[in-house]
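Fold and geometry: a report
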Amino acid sequence: MLHIYRTTARSKRALIGYEHIRQILVPPTGRQQRSPLCWPIRHCSANVRTFDTMLSTRRAEARKSILVQVSSERSYNELYHYCSQFGTIQSSHHYRVDGDGDGDCHYILLEFGSSAEADAAMQSGVFSTERPGVRARSIFLWFRTGPKPKLIAQEEPKRSLALIDGTQPIQEAELNGLLTAAESIDDQVTVLHRVTKLNDLGKRLRFLAVRQLESSLQGMFPQAVAHPFGSSVNGYGRMGCDLDVIMDLDSRSGEPPDRTSRLVYHTKATNPNERTQVQRQLESIGDVLQLFLPGVNSVRRILKARVPIVKYHHEHLDLEIDLTMNNTAGVYMSELLYLFGQLDARVRPLTFCVRRWAQSVGLTNQTPGYWITNFSLTMLVMYFLQQLARPVLPSINRLIQLSASCPPQTSAPVTRFGEGETEWAYTFLKNPSIYGSFRSENEATLEQLLVQFFEFYSQFDFSQRAISLNLGSTILKPDHSPMYIVNPLETVLNVSKNVNLEETELFRMQVRNAVWLLEAHGKETGAPTEPWGLVSLFGPKQQERITPQMFFTKRLLNVKDIFDEVPADAPTQYRNPAVKSQVAAIQRATKAELHKLGAGGGGGNSNRTGGVEPRTSSPMEGTGVKLKRNTKRR
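On a predicted model such as this, the values are computed, not experimentally measured, just so you know.

Rules used in this analysis
- Residues numbered from 1 in each chain as written.
- Predicted model: local features only at pLDDT ≥ 70, side-chain atom pairs only at ≥ 80, totals over all residues.
- Heavy atoms only, no water.
- Axes fitted to C-alpha atoms, helices over the stretch in contact; angles between N-to-C directions.
- Helix = DSSP H or I, 4+ residues; strand = E, 2+ residues; numbered from the N terminus.
- Parallel < 35°, antiparallel > 145°, perpendicular 65-115°, else oblique.
- Contact = heavy atoms within 4.5 Å.
- Nonpolar A, V, L, I, M, F, W, Y, C, P; charged D, E, K, R; others polar.
- Salt bridge = Lys/Arg side-chain N within 4 Å of Asp/Glu carboxyl O.
- Buried < 20%, exposed > 50% of the residue type's maximum accessible area, 1.4 Å probe, protein only.
- Pairing = 2+ DSSP bridges.
- Patch = residues over 30% accessible without salt bridge, like charges linked within 9 Å, V, L, I, M, F, W, Y side chains within 5 Å.
- Areas by Shrake-Rupley, 256 points an atom, 1.4 Å probe, with all protein chains shown as cover.
- Phe/Tyr/Trp six-rings, centres within 6.5 Å; stacked < 30°, edge-to-face > 60°.
- Lys NZ or Arg CZ within 6 Å of the ring centre and 35° of its normal.
- Core = buried A, V, L, I, M, F, W, Y, C linked by side-chain atoms within 4.5 Å.
- Left-handed = near helix turned anticlockwise from the far one by under 90°.
- Expected span 1.5 Å × (residues − 1).

Observations regarding the packing of helix α2 (residues 51-63) against helix α9 (residues 329-343)
Look at α2 against α9: their axes get within 10 Å of each other, and the N-to-C directions meet at 110°. Put simply, α2 runs roughly perpendicular to α9. Along the contact surface, α2 presents F51, D52 and M54, while α9 presents V331, S334, E335 and Y338. Residue composition of the contact of α2 with α9, by class: 4 nonpolar, 1 polar and 2 charged.

Here we look at the pattern of salt bridges
Under the counting rule described, the total for this entry stands at 19 salt bridges. Across the salt bridge formed by D287 and R301, the nearest N and O atoms sit 2.6 Å from each other. With D287 in helix α8 (residues 274-292) and R301 in strand β7 (residues 296-302), the pair connects residues that are 14 residues apart, well separated along the chain. Here K497 and D479 are joined by a salt bridge, their closest N and O atoms 3.5 Å apart. In this pair, K497 is assigned in the loop between β11 (473-476) and α15 (501-520) and D479 in the loop between β11 and α15, connecting sequence segments 18 residues apart. For D479, a relative accessible area of 28% translates into the label partly exposed. By sharing partners, the salt bridges in this structure join R58, E61, K64, E111, D200 and R204 into a single network.

Quick word on the sheet that holds strand β1 (residues 65-70)
Each strand in a sheet pairs with its neighbour through backbone hydrogen bonds, running either in the same direction (parallel) or in the opposite one (antiparallel). If you walk across this open sheet you meet the 4 strands as β2-β3-β1-β4, and the pairing is mixed. Looking at strand neighbours, the two that pair on one side only are β2 (89-97) and β4 (140-142), the edges of this open sheet. On average, adjacent strands in this sheet sit at an angle of 25° to one another, irrespective of strand direction. Across 8 bridges, β2 lies against strand β3 (residues 105-112) in antiparallel orientation. Looking across to β3, one finds that R96 is bridged to H106. Across the sheet, helix α7 (residues 200-217) is in contact with β1, β2, β3 and β4; its angle to β2 comes to roughly 90°.

Some remarks on the sheet that holds strand β6 (residues 243-248)
The mixed open sheet is built from 5 strands, whose spatial order is β5-β6-β9-β8-β7. In this open sheet, the two edge strands, each paired with only one partner strand, are β5 (225-229) and β7. For this sheet, the mean angle separating the axes of adjacent strands, direction not counted, is 25°. Across 5 bridges, the pairing between β5 and β6 is antiparallel. Its bridge partner lying in β6, V225 is registered against D248.

With respect to a nonpolar patch on the surface
A surface patch of nonpolar side chains, about 300 Å² in accessible area, is lined by V134, L291 and F292. Summarising the element assignment, V134 is placed in the loop between α4 (115-123) and β4.

Structural notes on the packing of aromatic side chains
Enumeration according to the criterion identifies 20 aromatic pairs in this entry. Relative to Y107, the ring of Y95 lies with its centre 5.4 Å away and its plane at 15°, an arrangement referred to as stacked. Remark: Y107 occurs in strand β3 and Y95 occurs in strand β2; sequence separation between them is 12 residues. Connected via pairs of aromatic rings, a cluster forms that spans W357, Y383, F384, F453, F454, F456, Y457, F460, F462 and F507. Stacked on the ring of Y236, the Lys or Arg R348 has its end atom at 5.7 Å from the ring centre. Lying over the aromatic face of Y338, R348 brings its terminal NZ or CZ to 5.3 Å of the ring centre.

Quick word on the environment of A162
Mapped onto the secondary structure, A162 falls in the loop between β4 and α5 (172-181). Under the relative-accessibility criterion, A162 is labelled partly exposed at 38%. Placed 70 residues apart in sequence, A162 and S92 show a C-alpha to C-alpha distance of 5.8 Å.

Overview of the nonpolar core
Ranked by size, the top nonpolar core spans 120 residues in total, and within it F340, W357 and F507 carry the most contacts. With near-sequence residues (within four places) excluded, F340 lies in contact with Y236, V347, M382, Q386, L393, P394, I396, L399 and L469. Membership of the second largest hydrophobic core comes to 15 residues, among which are V68, Y76, C83 and F112.

Considering the pairing of strand β9 (residues 319-325)
Each regular strand carries side chains that alternate between the two faces of the sheet. With 6 of 7 residues buried, β9 is to be regarded as a mostly interior element. As judged from the 5 bridges shared by β6 and β9, these two strands associate in the parallel manner. Along β9, the bridge assignment pairs D244 with D322. The loop that links strand β8 (residues 309-314) with its antiparallel partner β9 comprises 4 residues; one of these, D318, has a positive phi angle of about 50°.

Remarks on the packing of α5 against helix α6 (residues 185-196)
Close contact between α5 and α6 brings their axes to 9 Å; oriented N to C, the two are set at 150°. With respect to α6, the element α5 is oriented roughly antiparallel. Handedness of the crossing formed by α5 with α6: right-handed. Residues L175, L178, L179 and T180 of α5 touch α6, and the partners they reach there are Q188, V191, L192, V195 and T196. Residue composition of the contact of α5 with α6, grouped by class: 6 nonpolar, 3 polar and no charged.

Regarding α9
End to end, α9 covers 21 Å across 15 residues, agreeing with the expected 21 Å (1.5 Å per residue, within 8%). Among the 15 residues that make up α9, 14 are buried, leaving the element largely enclosed by the rest of the structure.

Printed below as a string of structure tokens:
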């Protein structure tokens, strides 16, 4: 594990030492004599962890861990010596959560050598008589003040925390300082990825939340399993990302029953409407979360959505969690993205950079809407890496072919869950040999790939073509959606169905602007104190260059105002002061012209006092101008 020791960001590039950047860039392989600037960033080795292996490892870590709230990180030594009586403590991590008004809440995550030792520590806990509440045992405890500890012998070694404030994301000023001190855009992309990605502690805390969900329901449903998916497990999560979980109440429902047993369980009849059944189950699970689980608050049930969901916040983990059921496609998509990231080491850093750029220019938004999502951006990056002359990633159809030619090395049974899963999800995703079957011949650096990404989509024909990761090429758009990305799991669906025409055109303009920024603000072209590379690409001025308002011209006057009947004594309201002054000028000029016409007509009427007025003219109301009645109107 690479531990990054952060320093205070400084404005000048020279103040951030090269050794600090080197600690981030050099992989923890022990080969420190090699310069990080010439470190090859190519495909990963064949000996990598599969998606299932990663999940089982994280679950085992959570099974051996407990979370203890303490007064501060200074309580660690006392906590360590107290908990050592239950077993060997393998690792410990500290983090804090912002409090309301009584100060921050400090927590220490302890990992024991075995799950039995963690259970022994948890079972030793007692319930507080000062804090009334539901007496439910869990892995979330707090360390109360005890008797003064005895003096520790000098020869006994003191343990130090592996991580302090491990969940605090890097500040913007500090990140800009690190990026400015880098030697190239290639190093900037690497630094951005390594200091903003979800760290080891963040993953541990998320699997603690998964364990709490499972243990709370396994009393009634022994086969209940919570499946995490999304950015928390696919390798593209950043610090502070949400946790997405799919709850499967019967993970062994697809297994054939034992025909020799004559005893059959009675079960509750389900609603024939599957959607209604899922809604009722999620509603009941939301009640359990709100009433009985420690740390869970702000439970929101969004049951009328296309995919029913329960959202809640975990105050001890400082984590937002989305819980759903029977949505197996999310797990398969997470495994596919994890596989792409394992096939080549440049995939994840490039994706992080593109996501950060899209956030800085306003292309993405945390709330759902008609803009591009991070998932759609990830699909765009994956397709770009597939269509290169020397592909960095293969198409999904190519992976299926490679999986057929590489039989699994082990015959371990595959754990299936849910119903109606697509067939291709098991043709290669569950084959461990697929992780070493493809090697890219593309030697481009991250800087070159980033520039090529912007250039490629600045010329892409979104009006006619749709993107298919299964084929690794484009197809004709099946409908008139402004942006069409074929869902790899369900090819009849569009991943970017929500994106409207305005956001699609904005994306094209922003990628063109990004190409210009990278060319105009290189390290060698600007002054030492000026931002360059990714700093200029992510700068605050991006919002001022191109905004969605540029696609719309504000109306000077609403059409509705022209036809509305306005009382004579009511003044006309104008939304633009310039229009008001222009209308006033036109009115003054018109009155002047009418006054001239009236003066000319009055000069010819010499018998106003003594003669008779001509019958062929009559005064125009309100102007003093006389018009002839028998004049034909043209």
